[in-house]
Amino acid sequence: MAVRETVAFDLERIDRLIEEEEAKLEPKHRASLEYRKTAERHVAGGVASSWQDSPPHAIFVERGQGNRLFDIDGNEYIDFHLGYGAMVVGHAHPRIVEAIERAARNGTHFAQPTRDLDVIGENLADRFGLPLWRFCNSGTEATLEAVRLMRANTGRDIILKIEGTYHGHHDSLMFSVVPDPEKIGPREHPVTVPQAMGLPRAFADLVRVVPFNDLDEARRAFQENEGRIAGMIVEPAMMNCGVIMPEPGYLQGLKDLCHEHGAYLAFDEVKTGATIAYGGAVEIFGVTPDIECLAKAIGGGTPCGAIGATEELFGPVVRGEYDMAGTFNGNPLTMAASRAALTEVLTEDAYATFDAVDAAMQEGLRAVIDEHRLPAYVTGVGAKGSVIYSATPVREYRDSIGVDERITYLAWLFQQNRGVFKSPWSKQETWTLSVWHTQDDARRYVENFAAFASAVTG
Amino acid sequence: MTLKVDGARVEQLTKEQVALLAERWPRSLAFAERAGKALAGGVSCAWHALDPYTLYGDRGEGSKLWDVDGNEYVDLHNGYGVTIVGHAHPKVVEAVRRRVGLGTHFALPTEDSVVVAEHLQERFGLPLWRFKNTGSEATMDAVRIMRASTGRDLVIKVEGAYHGSADGLAFSYWIDPAEAGPRDRPVPVANTGGIPSAYAEPLRIVPYNDLAVVERILADEGDRVAGMILEPIMMNAGVILPDQGYLASLRELLRRHGALLAFDEVKTGVTIAPGGAVEWSGVTPDLVTLAKAIGGGIPISAVGGTEEVMRVVVDGTMEQEGTFNANPLSVAAARAVLAEILTPDVYGRFDQQEQVLAGGIRDVVERYDLPATVVSIRCRGSVHFRAEPVRDFRDHVATDGPLAHLAWLYQLNGGVFPPAGDPWTFSLAHTDEDLRRSVDAFEAFAAAVTA
């Protein structure tokens, strides 16, 4: 990155702007604010998932159509949140609607296999270069099975994970997701920090944490735990602190390292799979892992997950030594929606559309950043992208710690008050595009960002 | 005295029934080969693979299921007890149709999630709810809530009970008792490969229907016990009912030690009563997990708790999350199921149906002097192939497996599809004639083995 002059963010000014923008937001959501009181009587915290809250308040949704979202106050948004990146097919896509209606009429659940399965398996094999697949109902379930596959195939217990990544909320990976900077320890030996209460210490002992984009640290972890590491799970591009790209050679290096030490490499492509390219990170970065975890976008808006792996790794499952099971796995409704999403909507052409809109987003945002000399840069690929509020490149979680959350929160408020719904929770600043997003939508996003830039530097 | 069944005869009859199955399932058998090239083991869940062949489903309507060969079955499997409203119930179809046109996923709250929570509150007497997608996710959260709100690590679990596939509970489900220690001091045994023994450390395993063992654990290390999770009625070793007073006594015992009680009602949920085992037993636990039947065939689960235990969720000290939690499609279906289909007045219909099915099978058992007991509760039930009552998992292991398998094959070839080994489930759509088809197939089996 070329060195350039940047201004510093004036945090006092930002605090003042936050107050103004929150005051503007509040009257737009009277119905949501009122409704939350009803919701809180029966739903813990008034929302079904802690992350469905969108500070400063929860926004209750009425409906969605294509690239648009409508809340219960009647506000219309261009939706760049897309249900945490799951709806790249857009809301209520006619093909998905038809597939689901048909599935509903034919029965949605038997706990017996149906004929959509192998079509989806073949499509995923084509995209990601792994021959065998199993289905489940969430990203959490997919990474849970990935971890278990690595353990079952090696007879080893320890899992290596990247500091600052989220892989679902099961007990074996719910560590060092967004760890408190006070507790993370030295970079060369990061502490495995429980992300929530209720995780016994014994579970943390099975996880070693390393920084992203650093092969030497991964090598050190393998050497220090020789013969004890079952495998490593990694988001090939980190998606939790904005989009952080892997440096050239990093992913291949990880794969070689894992194999040198008799361990496996799993890609968590819950967020990147079928969004950043037809074949996700496997295609973009040219590295095929031993295990691939998918969810979100592949279900076309129904609760889905999938695990792909080599024949070797699936051996114990195929032979029945290891039960990979779940009542709703591969249910006909999810499979029908997934089949339509993968074979009819997210075809190769769709990715050319994403790339074109992404280019407009990146170009427009970059121009605003340059014009206002913001200490920020843009990163993105395919349907995913982000603005990272740092003058120096963010290569790993620790680089993002210094980014003040008030800046990202204000950027969110500016979009929210101007008709764009971005994923809430500040540092996650990632946008997602659907097949319905247009150049006009990209322009709106850029204009709102320009308004933010003028206000903070004005 | 019950009849002694001839093992050699059972083996011979099994061969005959398997051969019949192969004749009726050519497409399923062929399709299994193709599926095996893309899907690990040709299926997406270990339990979809049946012994000896996997059945590929095509469609369902009401009480009926059709396989890819066009065979029709009275469905007593109902996807492991999920579709008690029947397949493709018009109200579920309508709810799904309406919702899919409005968008199925935003990762933001919608009104239906609140309406569903209101229904669950009323049915289960617990004030606060959160949603997930599967039973596995719900029990995982229940355990974490127990640990987070007590600050303790140990969890008591019943031997032979299945609480989903998450690492923290994937122990001592379908295991060999020879590897699991003495009955009153069972050791945790991992259900499957790939689960480190560290996950067993905070688990304590107890036999079902045995208060003394729970008492001993609480006396020894009660101050370290976060709580106990159990199926109030065991549903995966056939149906096993709790002894009189068992659940209420557990409640008291745990409370005395500051530990919590969670009912895993994924299977009993809204199936055995509008308010599940909570209503049926009159015992309200600190936490309830639900899944399966509440979605009418769409993946959804829920965890409900008292205000006290849910405090860690409300104040955010235990982040409870998930992208698809309460997605609009799942909650729209659940709302239709709870508000429009499984209304309290329909449970009387289950009682009549139970008379036909469980009553009919019990009658056959008696007439043929079979070494079997029938246990049923509304739309769920099972036959234990042993003359003495089954009170816990190890009793169930001692039942006659080959005989149970043969009885299941007779059902398949008789045009009925029950799960292999698990309890049967019928739906509101099942007619008396449907249920009699199962009784007739059971009688054909009884006649053959006793001939």
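Because the structure is predicted, anything quoted here is derived from the model rather than measured.

Caption draft 1: View of the overall build of chain B. A count of helices and strands for chain B gives 15 helices and 14 strands. The C-alpha atoms of chain B give 22 Å as radius of gyration, which agrees with the globular expectation for 451 residues (22 Å, within 12%). Considering only C-alpha atoms, chain B reaches an extent of 65 × 55 × 45 Å along its principal axes. In chain B, which comprises 451 residues, the share counted as buried stands at 60%. Considering only intrachain contacts with a sequence separation of at least 6, the fraction spanning at least 24 residues in chain B is 74%.

Caption draft 2: A look at helix α12 (residues 332–345) of chain A. Residue and element names in this part refer to chain A. Its 14 residues give α12 an end-to-end C-alpha distance of 18 Å, which sits within 8% of 20 Å, the value for a rise of 1.5 Å per residue. Along α12, the residues that are buried comprise P332, L333, T334, M335, A336, A337, S338, R339, A340, A341, L342 and V345. Summarising the contacts, the buried residues of α12 are in contact with α4 (94–106), α5 (117–128) and α13 (348–372).

Caption draft 3: Expanded view of the packing of helix α7 (residues 211–221) of chain B against helix α8 (residues 246–256) of chain B. All names here are of chain B. Relative orientation of the contacting elements α7 and α8 amounts to 5°, with a least axis distance of 11 Å. Judged by the angle between their axes, α7 and α8 are roughly parallel. Side by side, α7 and α8 meet where L211, V214, E215 and L218 of the first sit next to Y246, S249, L250 and L253 of the second. Class assignment for the residues of the contact of α7 with α8 results in six nonpolar, one polar and one charged.

Caption draft 4: Structural context of the interface of chain A and chain B. Opposite the 95 residues of chain A that make contact, chain B presents 103 residues. For the side of chain A that touches chain B, the element with the highest residue contribution is helix α6 (residues 139–154) of chain A, accounting for eight residues. Class assignment for the residues of the side of chain A that touches chain B results in 45 nonpolar, 34 polar and 16 charged.

Caption draft 5: Structural context of the domain arrangement of chain A. Residues and elements named next belong to chain A. Each domain of chain A was delimited in the assignment, giving domain 1 (11–88 + 348–457) and domain 2 (94–345). Relative placement of domain 1 and domain 2: their C-alpha centres are 26 Å apart. If you look at the interface, domain 1 gives 30 residues, while domain 2 gives 26 residues. Counting only elements with at least two residues in the side of domain 1 that touches domain 2, the list comes to α3 (82–85), α13, β11 (377–381), β12 (384–388), α14 (397–400) and β14 (430–432). The element that contributes the greatest number of residues to the side of domain 1 that touches domain 2 is β12, accounting for four residues. Per-class residue counts for the side of domain 1 that touches domain 2 are 13 nonpolar, ten polar and seven charged.

Caption draft 6: Structural detail: the nonpolar core. Core analysis: the largest hydrophobic core is formed by 310 residues, its most contacted members being A:I100, A:A146, A:I291, B:V96, B:I294 and B:A333. If we skip the residues at most four places from it in the chain, B:A333 touches B:V92, B:A95, B:V96, B:G295, B:G296 and B:I298.

Caption draft 7: Region of the structure containing the environment of B:Q244. All names here are of chain B. Assignment of secondary structure puts Q244 in the loop between β7 (225–230) and α8. In this structure Q244 comes out as exposed when scored by C-beta crowding, with 8 C-beta atoms within 10 Å. For Q244 and D67, which are 177 residues apart along the polypeptide, the C-alpha to C-alpha distance reads 42 Å.

Caption draft 8: Structural context of the sheet that holds strand β11 (residues 373–377) of chain B. All names here are of chain B. The sheet built from three strands is open, its strands ordered β11-β12-β14 with antiparallel pairing. In the strand order of this sheet, the two ends are held by β11 and β14 (424–425), each with one partner. When β11 meets strand β12 (residues 380–384), the two strands line up antiparallel, connected through five bridges. Paired with T373 across the bridge in β12 is H384. Lying on the sheet, helix α12 (residues 347–367) is in contact with β11 and β12; it crosses β11 at an angle near 170°.

Caption draft 9: Just the environment of B:S172, in detail. Residue and element names in this part refer to chain B. Mapping S172 onto the fold places it in the loop between β5 (154–158) and β6 (203–206). Along the chain, S172 and D422 lie 250 residues apart, while their C-alpha atoms are 17 Å from each other. Filtering out sequence-adjacent residues up to four positions away, S172 remains in contact with K157, E159, G160, A180, P186, P188, V189 and I205.

Caption draft 10: Looking closely at the domain arrangement of chain B. Residue and element names in this part refer to chain B. Once the domains are mapped, chain B shows domain 1 (7–75 + 345–450) and domain 2 (90–341). Relative to domain 2, the C-alpha centre of domain 1 lies at a distance of 27 Å. Contact residues are listed per partner, giving 19 residues for domain 1 and 20 residues for domain 2. Those elements that provide at least two residues to the side of domain 1 that touches domain 2 are β11, β12 and α13 (393–397). Along the lines of polarity and charge, the residues of the side of domain 1 that touches domain 2 split into eight nonpolar, five polar and six charged.

Caption draft 11: Structural context of the sheet that holds β12(A). All names here are of chain A. Judged by pairing direction, the sheet is antiparallel, and its three strands sit side by side in the order β11-β12-β14 without closing on themselves. Two strands bound the open sheet, and with one partner strand each, they are β11 and β14. Each strand of the sheet is rotated relative to its neighbour by a mean of 20°, with strand direction disregarded. Where β11 lies against β12, five bridges are found, and the strand directions are antiparallel. Across the sheet, residue V381 finds its bridge partner in β12, namely K384.

Calculation notes
- Residues numbered from 1 in each chain as written.
- Chains lettered and ligands numbered in written order.
- Predicted model: local features only at pLDDT ≥ 70, side-chain atom pairs only at ≥ 80, totals over all residues.
- Helix = DSSP H or I, 4+ residues; strand = E, 2+ residues; numbered from the N terminus.
- Rg over C-alpha atoms; globule rule 2.2 N^0.38 Å.
- Buried ≥ 20, exposed ≤ 12 C-beta atoms within 10 Å, placed from the backbone.
- Contact = placed C-beta atoms within 7 Å.
- Expected span 1.5 Å × (residues − 1).
- Axes fitted to C-alpha atoms, helices over the stretch in contact; angles between N-to-C directions.
- Parallel < 35°, antiparallel > 145°, perpendicular 65-115°, else oblique.
- Nonpolar A, V, L, I, M, F, W, Y, C, P; charged D, E, K, R; others polar.
- Domains from an automatic or database assignment.
- Core = buried A, V, L, I, M, F, W, Y, C linked by C-beta atoms within 7 Å.
- Pairing = 2+ DSSP bridges.

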